[in-house]
Amino acid sequence: MIQNIIRHSIRSFKRQRAYVIINILGLSIGIACSLLIAVYVINEAGFDKYNVKKDRIYRAILDGKIGGQEVITTSSPPVMGPTMLKEFPEIEDFLRMTGSGPTVIEYNNLTFTEEHLIQADSSFFNFFSIPVLKGDMENLLNAPRKAVLSKSTAIKIFGDENPIDKTIKIGTDSIRYAVTGVMGDIPGNTHFEANIITSFMTNRNSKNPTWMSNNLSTYFLLKPNTSPESVDNKFPGLLVKYVGPELQQYLGVSMEDFEKQGNRYRFFLQSLSDFHLDTSVQQEFKAASDPKYLIIFASIAVLIVVIAAINFMNLSTAQASKRAKEVGIKKIGGSTRGMLITQFLSESIILAFIALMFAIIIIKASLPYFNNLLNSDLVLNLFSPWFTIPLLLLFSVFVGLLAGSYPAFFLSSFSPYEVLKGNVKNSMKNGRLRRVLVVFQFAVSILLIIGMIIMYSQINYMLNKDVGFNKEQLLVINRAGALGTRMKAFKNTVKEIPGVINISSSTAIPGRTNNVNGYRIEGKNDESLILTTAWVDYDFLDTYGMSLVSGRFFDESYTSDQNACLVNEAAIKNFGITDVVNTRFFQPGDSGKNDYYQILGVVKNFNFASLRNPIEPYILKFQNDGMLFGYITVKISALNYTSTISQIEKVWREFMANDPLQYYFLDEDFEQMYSQEKQNAQMAVIFSILAVFIAALGLFGLTSFTVEQRTKEIGVRKAMGSSVAGIYFQMSKEVILLVSLSALISWPLIYYIAGKWLENFYYRIDLGMFSFIAGLSIALGIALLTISFKVLQAARVNPAQSLKYE
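Residues numbered from 1 in each chain as written. Predicted model: local features only at pLDDT ≥ 70, side-chain atom pairs only at ≥ 80, totals over all residues. Heavy atoms only, no water.

**A closer look at the packing of aromatic side chains**
- Under the definition given, this model contains 32 aromatic pairs.
- Taken together, a centroid distance of 6.5 Å and an interplanar angle of 65° make the contact between F297 and F687 edge-to-face. With F297 in helix α9 (residues 291–318) and F687 in helix α20 (residues 675–709), the pair connects residues that are 390 residues apart, well separated along the chain.
- Consider the rings of F540 and Y544, whose centres lie 4.7 Å apart with planes at 35°: the pair is tilted. Taken together, the positions of F540 and Y544, both in helix α16 (residues 540–544) and four residues apart, correspond to about one turn of that helix. In terms of burial, F540 and Y544 fall into one category: buried.
- Among the aromatic residues, those joined into a cluster by ring pairs are F469, F540, Y544, F606, F608, Y618 and F670.
- Lying over the aromatic face of F88, K234 brings its terminal NZ or CZ to 5.5 Å of the ring centre. (Phe/Tyr/Trp six-rings, centres within 6.5 Å; stacked < 30°, edge-to-face > 60°. Helix = DSSP H or I, 4+ residues; strand = E, 2+ residues; numbered from the N terminus. Buried < 20%, exposed > 50% of the residue type's maximum accessible area, 1.4 Å probe, protein only. Lys NZ or Arg CZ within 6 Å of the ring centre and 35° of its normal.)

Written out as structure tokens, the structure is:
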């Protein structure tokens, strides 16, 4: 029976070669899009293979609120892990991890810059089953200044040499590190990136006993059959015991009074399986994927497959008259309707299977492009896990049944009596369902087009909005701390270079904040405040082109300015400060006494973080000569800037002979904050184009059917004197109506979806009519272009020939 079905299908395909090719093309693109999106969604959701203990691995999350400002972050104190292991019987092990940022590695007088270096406890390989290719598992990170390299990093540094027991210089540390192991490369869908792991006990902060010093991520491995709630329930007592005394010491309030003021300081455990998709938590390592995008793209994948299936239906019914005689003869010969349905469904499943094979080829060919676009390493592995191929085969059967169900039942319903009388066309004139399907296709296409336009409009708005400072032509030098006590001399030398307009040093810059501190206002001792903090030098304001609303900036003429501060407008508004001149912030100092900071001036609000968030209170304090860390920002002229950069590099080499200069441009770095939105917008463009293309194929099928049914009408109109343009207008009216109806359906849907998406951004565009009209215009233009070939071809036929056809 199967052989007969295949034989009949091949004969049918040969008779309808063009129709088969178009169907396979539409289904191939639809299946390829859906599979590609599936690979992307699975990758972003973080289903990585290094989660063998995922049900027992948790991370400590700080949930805090101080002075009306809330924070949910992965930051925790170094002392938490050892203390909880000692006092909580539910804990089997702990792991502390923190990133180090771009770091210079030196070996045999050759230097390399490593972007992904982390410090971790020796328990790292007990938490994550990353394969250790070389080295002793028990002694990898169990002592200071030990390092484990990824396989690719080991090859980059050592080539064919065995790296074990070799020593490398890491950063500015004068003592070299011993390479104790080589591990497999960490996959891109893991929640952290690491090419080099050094022992955490090297970090001078590893023995910091302060509970309110939250500066790293702490993971816990719970004992089998332990619920995380049992640990969460013990956190309040732990914090009262250890954080309570520190609150009293630093802020002068008890834990009870602190909470009565509306503040909050809590910890809870988060499961490893939730790391990848929880955007509410500020991540130390890789930012979490927004589940909204995954839902959107998963929905797009389903819709594209449905559009491709609708194509199949429309193209099949458009060819129905050519198969009517076959149906009539088979019915007279004894074939039942069930046998015909089986044949037609088998044909569609075979076509779907062929389309699946082409789809896999398309994905394999296009994956390098998508990986480059998304800065990812997506892989379609057909043999891992084992059920991939069976799942793909089932998917092709599902697509075949979805696409072939309506044509199979439609074609098998023909009456042999009507067919042999030549009246089959009369039984096919009701094309209501086909029109509904085309409306659905173009409603989806218009929705995608408008969504794409809105996404690009929002991105363009964020990139061009006035952020309160001039971010162009600012060259930022990383690792300014490497200069040590020579930082001031370096700045003075660079300032003399022609083309350098200004230069400044600071501990933080817009887009890269690293300190959030607690303060109180003199006279309001019972109120704790949180401000993002940066220590800056005298030239910071001019270098960044920021403006003062009132007061003045730090002035070298006044030594007292070194103990003063400036705040932004958000701090003045949020904290209800009315008398700026007589307001002082204070916080506990190292000597046990309070350090006071008189407000010198108010800086106009500037966006120091993403435009997704409102501007929070910010404080600028003076960077004295002893603060040897942070960034150096150079404002350079647009004229001959390459020569200026070369001279800056030359000066750097004079100061740091064996340490390469690491720099970037601030405007480009700012754009990176919106990299996810840009990538998603680019994906939306690609899938919108493909969805519209598939929908156009469906419209082509409907046009073929319509022209075939109206051949006599076209001949009569031509004989009565109608022009080609007149016939084109008559034939295109229905298409214009269908596409317009599609727009009316899609507009309220995309208005709601886009509105929800824009809620992610505090600063956002308004949803004007332009995007909606543009979406309709583009879809209408494509639709009219699609039908033009068939309609104009029919309109140019000699009317005598058209009437003879009927």
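**Things to note about the environment of A194**
- Here A194 lies in the loop between β10 (177–183) and β11 (196–199).
- A194 sits in the buried class, given a relative accessible area of 4%.
- Between the C-alpha atom of A194 and that of Q119, which follows or precedes it by 75 residues, the distance is 9.4 Å.
- For A194, the contacting residues outside a window of four places in its chain are H116, I118, M183 and I186. (Contact = heavy atoms within 4.5 Å.)

**Side note on helix α15 (residues 487–495)**
- Taken residue by residue, α15 has M487, F490, K491 and V494 as its buried positions. All buried residues of α15 project into a common sector of 100° when viewed along the axis, lining one side.
- Here the buried face of α15 lies against β14 (474–477), β15 (500–506), β23 (631–636) and α18 (641–655). (Arc of directions from axis to C-beta.)

**Considering the packing of helix α3 (residues 80–87) against helix α7 (residues 235–251)**
- At a closest axis distance of 12 Å, the pairing of α3 and α7 adopts a crossing angle of 120°. By the angle class used here, α3 and α7 are oblique. Along this stretch, α3 crosses α7, giving a crossing that reads as right-handed. Listed contacts from α7 to M80, T83, M84 and E87 of α3 are F235, L238, K241 and Y242.
- Classifying every residue of the contact of α3 with α7 by side-chain character gives five nonpolar, one polar and two charged. (Axes fitted to C-alpha atoms, helices over the stretch in contact; angles between N-to-C directions. Parallel < 35°, antiparallel > 145°, perpendicular 65-115°, else oblique. Left-handed = near helix turned anticlockwise from the far one by under 90°. Nonpolar A, V, L, I, M, F, W, Y, C, P; charged D, E, K, R; others polar.)

**Observations concerning the pattern of salt bridges**
- According to the stated counting rule, one finds 16 salt bridges in the structure shown.
- E87 is the salt-bridge partner of K241, the closest N and O atoms lying 3.4 Å from each other. Of this pair, K241 sits in helix α7 while E87 sits in helix α3, placing them 154 residues apart in sequence.
- In this structure K241 comes out as partly exposed when scored by relative accessible area, which is 48%. (Salt bridge = Lys/Arg side-chain N within 4 Å of Asp/Glu carboxyl O.)

**Concerning the pairing of strand β4 (residues 103–107)**
- By the criterion of burial, β4 is predominantly enclosed, with five of the five residues buried.
- The pairing of β4 with strand β5 (residues 110–114) spans five bridges and is classified as antiparallel. Bridging from a neighbouring strand, E106 pairs with T111 of β5.
- If you look at the hairpin formed by β4 and β5, you'll find two residues sitting between the two strands, and N108 has a positive phi there, around 50°.
- Sheet topology places β4 next to strand β9 (residues 167–170); two bridges connect them, and they run antiparallel. (Pairing = 2+ DSSP bridges.)

**Brief notes about the environment of I503**
- Tracing the backbone shows I503 in strand β15.
- Here the alpha-carbon distance between I503 and I632, two residues 129 residues apart in the chain, equals 7.1 Å.

**Some details on the pairing of strand β1 (residues 57–66)**
- Most of β1 sits inside the fold, with nine of its ten residues counted as buried.
- Direction of pairing for β1 relative to strand β12 (residues 217–222): antiparallel, over a ladder of three bridges. Within β12, the position partnered with R59 by the bridge is Y219.
- In terms of strand pairing, β1 meets strand β13 (residues 264–271) through eight bridges, oriented antiparallel. Counted as the bridge partner of K65 is R264 from β13.
- The sheet contact formed by β1 and strand β2 (residues 69–73) spans five bridges and is antiparallel. Within the sheet, the bridge partner assigned to K65 lies in β2 and is E70.

**Considerations on α7**
- Under the 1.5 Å per step criterion, the end-to-end length of α7 is only 21 Å for 17 residues, more than 12% shorter than the ideal 24 Å.
- The largest bend in α7 comes to about 40°, at V243, with the proline P245 one to four residues further on.
- All of the buried residues in α7 are F235, L238, L239, V243, G244, E246, L247 and L251.
- Immediately downstream of α7, the backbone of G252 shows phi near 75°, a positive value. (Expected span 1.5 Å × (residues − 1). Bend = angle between axes of the 7 residues up to and from the residue.)

**Looking at the nonpolar core**
- Within the largest apolar cluster, 118 residues are counted, with the highest numbers of intra-cluster contacts made by Y544, L620 and F687.
- Per-element accounting of this core gives the leading share, 15 residues, to helix α14 (residues 432–464).
- Setting aside residues up to four positions removed in sequence, Y544 forms contacts with F469, N470, L474, V476, I509, P510, T633 and L666. (Core = buried A, V, L, I, M, F, W, Y, C linked by side-chain atoms within 4.5 Å.)

**A few points about the packing of α15 against α18**
- Axis separation between α15 and α18 bottoms out at 10 Å; the angle between their running directions is 150°. Classified by the interaxial angle, the pair formed by α15 and α18 is roughly antiparallel. Here the hand of the crossing between α15 and α18 comes out right-handed. Residues A489, F490, T493 and V494 of α15 pack against I648, V651, W652 and F655 of α18.

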